[in-house]
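Residues per chain, in single letters:
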Amino acid sequence: MLQPVVTPGGQAAIATEVRRLRDLHARGLRVPLVLADAPEGFLMRHLGLPGGDTPSLSDEIEAAARQAPASTLALWQQGFAALQRVHASGTCLSQAFARNMVRCPDGVIGYIDFEDDPLATLPPALCIVKDALCYAHSTALFLDNAGTLEAARADWHAWLAQTDPAVRAALERTVQQMRWVGKLPNQRKLGRDTLRLRAMYGLLRPLP
């Protein structure tokens, strides 16, 4: 489920992104507005303001973990709630990493990067699982560094308890298969990717 959905590239990928942007916009979700499109490309409106900095949610959470740890959890919760709004609207994202979310100037979370469509390949429940795992994978290490992983873990399990049974079952199977990751030492020499997985398991592991 963490593997990228295969994309055809070229004009097919352009058509997919235009279609998905318009569909998400019609559902009331904050995505770049498509201004014009053609088979070879399309024009969209930027989610920020002219001349202003519009960092990704990933960049914001990482910076907060270093400079203002107390604000890390609130940023993470905002992104997690934004992800749930997408699912409540009846669809999913493409690659739901925090780097593909943006806090717009008015504070609303926007979404970018839609060259693929998981719903064309996976059942809806697994699309939700894929989104949730991508978000967890891209944020857990920042939460761990900020000392807010356990608080986020409580939020994660509150969501898990009320989500669709098929989603919950798939996530529980995944976490079961990841148990070995939790036994890895917390050492930088293992590399950042390994530490990301270790923190991700710490976020997803069952409550006592």
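Residues numbered from 1 in each chain as written. Predicted model: local features only at pLDDT ≥ 70, side-chain atom pairs only at ≥ 80, totals over all residues. Heavy atoms only, no water.

Okay, a nonpolar patch on the surface next. A surface patch of nonpolar side chains, about 250 Å² in accessible area, is lined by Leu33, Leu35 and Leu43. Among the structural elements, leucine 35 can be located in strand β1 (residues 34-38). Take leucine 35: its relative accessible area is 42%, and that puts it in the partly exposed class. (Patch = residues over 30% accessible without salt bridge, like charges linked within 9 Å, V, L, I, M, F, W, Y side chains within 5 Å. Areas by Shrake-Rupley, 256 points an atom, 1.4 Å probe, with all protein chains shown as cover. Salt bridge = Lys/Arg side-chain N within 4 Å of Asp/Glu carboxyl O. Helix = DSSP H or I, 4+ residues; strand = E, 2+ residues; numbered from the N terminus. Buried < 20%, exposed > 50% of the residue type's maximum accessible area, 1.4 Å probe, protein only.)

This part takes up the pairing of β1. Note: β1 against strand β2 (residues 41-44), four bridges, orientation antiparallel. From the neighbouring strand, alanine 36 faces β2, where its bridge partner is leucine 43. Taking the residues between adjacent antiparallel strands as the criterion, β1 and β2 are bridged by two residues. (Pairing = 2+ DSSP bridges.)

By size, the foremost hydrophobic cluster in this structure holds 56 residues, and its most contacted members are Trp76, Tyr111, Tyr135, Trp156, Trp159 and Leu203. Of all the secondary structure elements, the ones that give two or more residues to this core are α1 (10-26), α2 (57-67), α3 (72-88), β4 (109-111), α4 (124-146), α5 (149-162), α6 (165-177) and α7 (192-204). Element by element, the count of residues in this core is highest for α4, at 13 residues. Setting aside anything within four residues of it in sequence, one finds tryptophan 76 in contact with Ile61, Tyr135, Thr139, Leu143, Ala152, Asp155, Trp156 and Leu203. (Core = buried A, V, L, I, M, F, W, Y, C linked by side-chain atoms within 4.5 Å. Contact = heavy atoms within 4.5 Å.)

Take the packing of aromatic side chains next. Overall, the coordinates contain six aromatic pairs when judged by the stated rule. Plain terms: the ring middles of tryptophan 76 and tyrosine 135 are 5.9 Å apart, the flat faces sit at 35° to each other, and that makes the pair tilted. Here tryptophan 76, found in helix α3, pairs with tyrosine 135, found in helix α4; they are 59 residues apart in sequence, far enough to count as distant. Side by side, tryptophan 76 and tyrosine 135 carry an identical accessibility label, which is buried. Residues phenylalanine 80 and tyrosine 135 carry aromatic rings whose centres are separated by 6.2 Å and whose planes lie at 5° to one another, so their mutual orientation is stacked. You can see phenylalanine 80 sitting in helix α3 and its partner tyrosine 135 sitting in helix α4, a full 55 residues away along the chain. Exposure remark for tyrosine 135: the relative accessible area of 0% places this residue in the buried category. Here a set of aromatic residues connected by ring pairs shows up, and it is made of Trp76, Phe80, Tyr135, Trp156 and Trp159. (Phe/Tyr/Trp six-rings, centres within 6.5 Å; stacked < 30°, edge-to-face > 60°.)

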